Amino acid sequence: MKNHSFHSYKAFFTVLFLFACTLSSSAQDTTAAVHIGFIYPVSSNGKSAAFYTNRFSLHAIAGLSKNETAFALSGVANVIRQNAAGVQIAGAVNVVGNTASGGQIAGAANVVGNSASGAQVAGFANVVKNEAKGAQIAGFMNLTGSAGAAQFAGFTNIARQNVKGLQLAGFLNKAGNANAQVSGFANIARNVKGVQLAGLINIADSSDYPIALFNFIKNGEKSIALTWDETMTGIASFRSGGKVMYGIAGVGFNFKDTKNDMYAVEAGLGAHIPVVDKFRINLEAISHTLSDFKGGNYFKNSLRIIPAYRIGPKLEIFAGPTFNYVNYAREDDYNFVKKYIWKNDGSKGFRGVYAGFNAGLQLIL
């Protein structure tokens, strides 16, 4: 994000100490062991509060100072023009113009103009212009130039440069280079060293371990596959991922049930295991559903062990065994498979485990 994004968060809260500077332009920098007050300028430091460095500050509504060296507590806001050390606690907002080297706890937001080296906890957002060296925990958003530790947010974590710790967000993580990212919807980064786990989408230049249905990895692999299994179900699927992990999403049709039109949907995750040049084994965990969209549903969860051989620069063939767990309502009485390793044909429904196969070919994009 551009610098003006940061200043939009900071502008409102800086009005207080800018106003104080105007009133106290002739004041001299000084120190105080204790600063107690209601709201500027009703405090023990009066109109010159903006030029004081305090060791301990306590304000009913809002405190204003040049520096804080140990502890500051305000009912609504702590506004510190330059540097803060120790702990700052505010019911709504902590604003530090330069660096914060201790812990910050705010009901709404912590805003730091340069860097923060301690932990930040905020009900809504933590905003650091340059580097956040400590952990950031926010109910909604963490926004920083770079992060030296973990970021946890209810909605989004955004770092313009690198993140050395884990990024964990309810919706979105975005970073330059990242160590690991976990989100409910999407992760975006240049290079990811560890796992990239998202509810739907991962985007990166380099990420060997992306875990999502759709992974758009620049140095990874994307393919379109056509598969066939023991139930005579054909699937067209999109596989996308990194050098190791990949996601699977597909649709198809069952050709064995002649009484009903059974449509197929599958989704899952896979991993490439290299063996020798042009030959590898793909391990896949799949959730598969057949439905006639009239109340008839056949559910299958499968573990696939699929040897694959590349017969050209862009074409790969594969076939291998699968181990499957199926369940469906008893009244549907599907007859796709004859032999089961285990089954429970109860009054409430059918459950069974059996061995099958999966075979097909894929075009590597």
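Residues numbered from 1 in each chain as written. Predicted model: local features only at pLDDT ≥ 70, side-chain atom pairs only at ≥ 80, totals over all residues. Heavy atoms only, no water.

1. So, the environment of Phe155
Heads up, the condition is: Under the scheme used here, helices are H or I runs from DSSP no shorter than 4 residues and strands are E runs no shorter than 2 residues, and both carry numbers assigned from the N terminus. Summary of the burial criterion: residues with accessible area below 20% of their type's maximum are buried, those above 50% are exposed, and those between are partly exposed, where the area comes from a 1.4 Å probe applied to protein chains only.
Counting through the fold element by element, Phe155 comes out in the loop between strand S16 (151–153) and strand S17 (156–159). Taking the relative accessible area as the measure of exposure, Phe155 reaches 34% and is therefore partly exposed. Separated by 106 residues in sequence, Phe155 and Ala49 have C-alpha atoms that sit 37 Å apart.

2. Some points on the pairing of strand S24 (residues 221–229)
Condition: A strand pair is defined by DSSP finding two or more bridges across the two strands.
Side chains Glu221, Ser223, Ala225, Thr227 and Asp229 of S24 all project onto a buried face; the interleaved residues Lys222, Ile224, Leu226 and Trp228 project onto a face where none is buried. Sheet analysis places S24 next to strand S25 (residues 233–241), joined by eight bridges and oriented antiparallel. Of the residues in S25, the one forming a bridge with Thr227 is Ile235. Hairpin connection of S24 to S25: three residues between the antiparallel strands, including Met232 at a positive phi of 60°. The pairing of S24 with strand S32 (residues 350–364) spans seven bridges and is classified as antiparallel. Directly across from Trp228, in S32, lies its bridge partner Ala359.

3. Considerations on the packing of aromatic side chains
The relation between two aromatic rings is expressed through the spacing of the ring centres and the mutual angle of the planes. For clarity, the cut-off: A pair of Phe, Tyr and Trp rings is counted when the ring centres sit within 6.5 Å of each other, with Trp represented by its six-membered ring. The angle between the planes then sorts it: under 30 degrees is stacked, over 60 is edge-to-face, the rest tilted. Both a distance and an angle decide whether a charge sits over a ring: NZ of Lys or CZ of Arg must be within 6 Å of the ring centre and within 35 degrees of the ring normal.
In the structure shown here, the tally under the stated rule is 19 aromatic pairs. Of the aromatic side chains, those joined through ring pairs into one cluster are Tyr298, Tyr328, Tyr334, Phe336, Tyr340, Phe350 and Tyr354. The ring centre of Phe51 lies 4.8 Å from the NZ or CZ of Arg81, which sits over that ring.

4. Some details on unusual backbone geometry
In this model, Tyr40 is joined to Pro41 through a cis peptide bond whose omega is 5°. Following the sequence through the fold, Pro41 ends up in the loop between strand S1 (30–39) and strand S2 (42–43). With a phi angle near 75°, Lys278 is a residue other than glycine that sits in the positive phi range. Of note, Lys278 is situated in the loop between strand S27 (262–276) and strand S28 (279–291).

5. Comments concerning the pairing of strand S23 (residues 214–217)
Only one face of S23 is buried, namely the one carrying Asn215 and Ile217, since none of Phe214 and Phe216 on the opposite face is buried. Pairing of strand S22 (residues 201–211) with S23 involves four bridges; the strand directions are parallel. Looking at S23, one finds that Ala204 is bridged to Ile217.

6. Quick word on the pattern of salt bridges
Defined as follows: Throughout this description, the term salt bridge denotes a Lys or Arg side-chain nitrogen within 4 Å of a carboxyl oxygen of Asp or Glu.
Taken as a whole and judged by the stated rule, the model has eight salt bridges. Residue Lys300 is joined to Asp229 by a salt bridge in which the shortest nitrogen-to-oxygen separation is 2.9 Å. Placement of the pair is Lys300 in strand S29 (residues 297–310) and Asp229 in strand S24, with a sequence separation of 71 residues. Residue Lys300 is classed as buried on the basis of its relative accessible area, which comes to 4%. The exposure class of Asp229 is buried, given its relative accessible area of 4%. A salt bridge links Glu316 to Arg280; its shortest N-O distance comes to 3.0 Å. Here Arg280 lies in strand S28 and Glu316 lies in strand S30 (residues 315–328), a separation of 36 residues in the sequence.

7. A short note on a nonpolar patch on the surface
Convention followed: Patches were defined on residues exceeding 30% relative accessible area and lacking a salt bridge, with like-charge contacts within 9 Å and nonpolar side-chain contacts (Val, Leu, Ile, Met, Phe, Trp, Tyr) within 5 Å. Under the convention used here, a 1.4 Å probe and the Shrake-Rupley method define accessible areas, while residue burial counts only the protein chains that appear.
Together, Ile224, Leu226, Tyr309, Ile311, Leu315, Ile317, Leu361, Leu363 and Leu365 give the surface a local cluster of nonpolar side chains, amounting to about 790 Å² of exposed area. Listed by contribution, the elements that provide at least two residues to the nonpolar patch are S24, S30 and S32. Turning to its location among the elements, Leu363 is positioned in strand S32. A residue is classified by how much of its surface remains accessible, and Leu363, at 43% relative accessible area, is partly exposed.

8. Remarks on the environment of Asp229
Where we set the bar: Whether two residues are in contact is decided by their heavy atoms, any of which lying within 4.5 Å being enough. Distance and chemistry together define a polar contact, namely a pair of N or O atoms within 3.5 Å, with one atom able to donate a hydrogen and the other to accept it when in protein, and with adjacent residues in sequence counting only for side-chain atoms on both sides.
For the pair Asp229 and Ala319, spaced 90 residues apart in sequence, the C-alpha separation works out to 9.6 Å. Look past the residues within four positions of Asp229 in its chain and what remains in contact with it is His288, Lys300, Phe357 and Asn358. In this structure the side chain of Asp229 is engaged in a polar contact, spanning 2.9 Å, whose partner is the side chain of Lys300.

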